[in-house]
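# Residue-level structure breakdown
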Amino acid sequence: MADAKAFGLALPEPDAPEHFEVWPDNWPAVEMFLRCQTQWRTTMSGVCGLDYSAVEWLFRLYEVEDQPAVLEDLQVMEAAAVKILNKEQG
């Protein structure tokens, strides 16, 4: 928000709560989702999903133990994010 204000842009206040709880079983997926934040594939139509080559590289870099389970959780968050990101675009 502060970055936008510095450029004279007014952004709507986010609807999400500032603080929220993450269950311990979900932390590996949340951490990986945050690590992938710059690895989105886009088209002229909007965001289509994460770059799985980069996701695989990050799994190896951070030595993710249960990669299939973390990937499945990551894909749930990815699908929700794609809907939100594309809704904001259009």
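Residues numbered from 1 in each chain as written. Predicted model: local features only at pLDDT ≥ 70, side-chain atom pairs only at ≥ 80, totals over all residues. Heavy atoms only, no water.

### Overview of the pattern of salt bridges
Taken as a whole, this structure holds 1 salt bridge when the rule is applied. R41 serves as the salt-bridge partner of D51, at 3.1 Å between the closest nitrogen and oxygen. Here the residue D51 occupies a position in the loop between β2 (46-50) and α3 (52-61), and R41 occupies one in strand β1 (residues 40-43), the gap between them amounting to 10 residues. Since its relative accessible area comes to 43%, R41 is described here as partly exposed. (Salt bridge = Lys/Arg side-chain N within 4 Å of Asp/Glu carboxyl O. Helix = DSSP H or I, 4+ residues; strand = E, 2+ residues; numbered from the N terminus. Buried < 20%, exposed > 50% of the residue type's maximum accessible area, 1.4 Å probe, protein only.)

### Points about the side chain of D51
Taking relative accessible area as the criterion, D51 reaches 17% and is therefore assigned buried. At 3.1 Å, the side chain of D51 and the side chain of R41 are in polar contact. Beyond its immediate chain neighbours, meaning those up to four positions away, D51 contacts Q39 and R41. (Polar contact = N/O pair within 3.5 Å; in protein donor to acceptor, adjacent residues only side chain to side chain. Contact = heavy atoms within 4.5 Å.)

### Some remarks on a negative patch on the surface
A grouping of E63, E65, D66, E72 and D73 is seen on the molecular surface, where their side chains present a negatively charged patch. Mapped onto the fold, D66 is located in the loop between α3 and α4 (67-89). (Patch = residues over 30% accessible without salt bridge, like charges linked within 9 Å, V, L, I, M, F, W, Y side chains within 5 Å. Areas by Shrake-Rupley, 256 points an atom, 1.4 Å probe, with all protein chains shown as cover. Lys, Arg positive; Asp, Glu negative; His and termini not counted. Charge placed at Lys NZ, Arg CZ, Asp CG, Glu CD.)

Remember that the coordinates give geometry; whether it matters functionally is a separate question.
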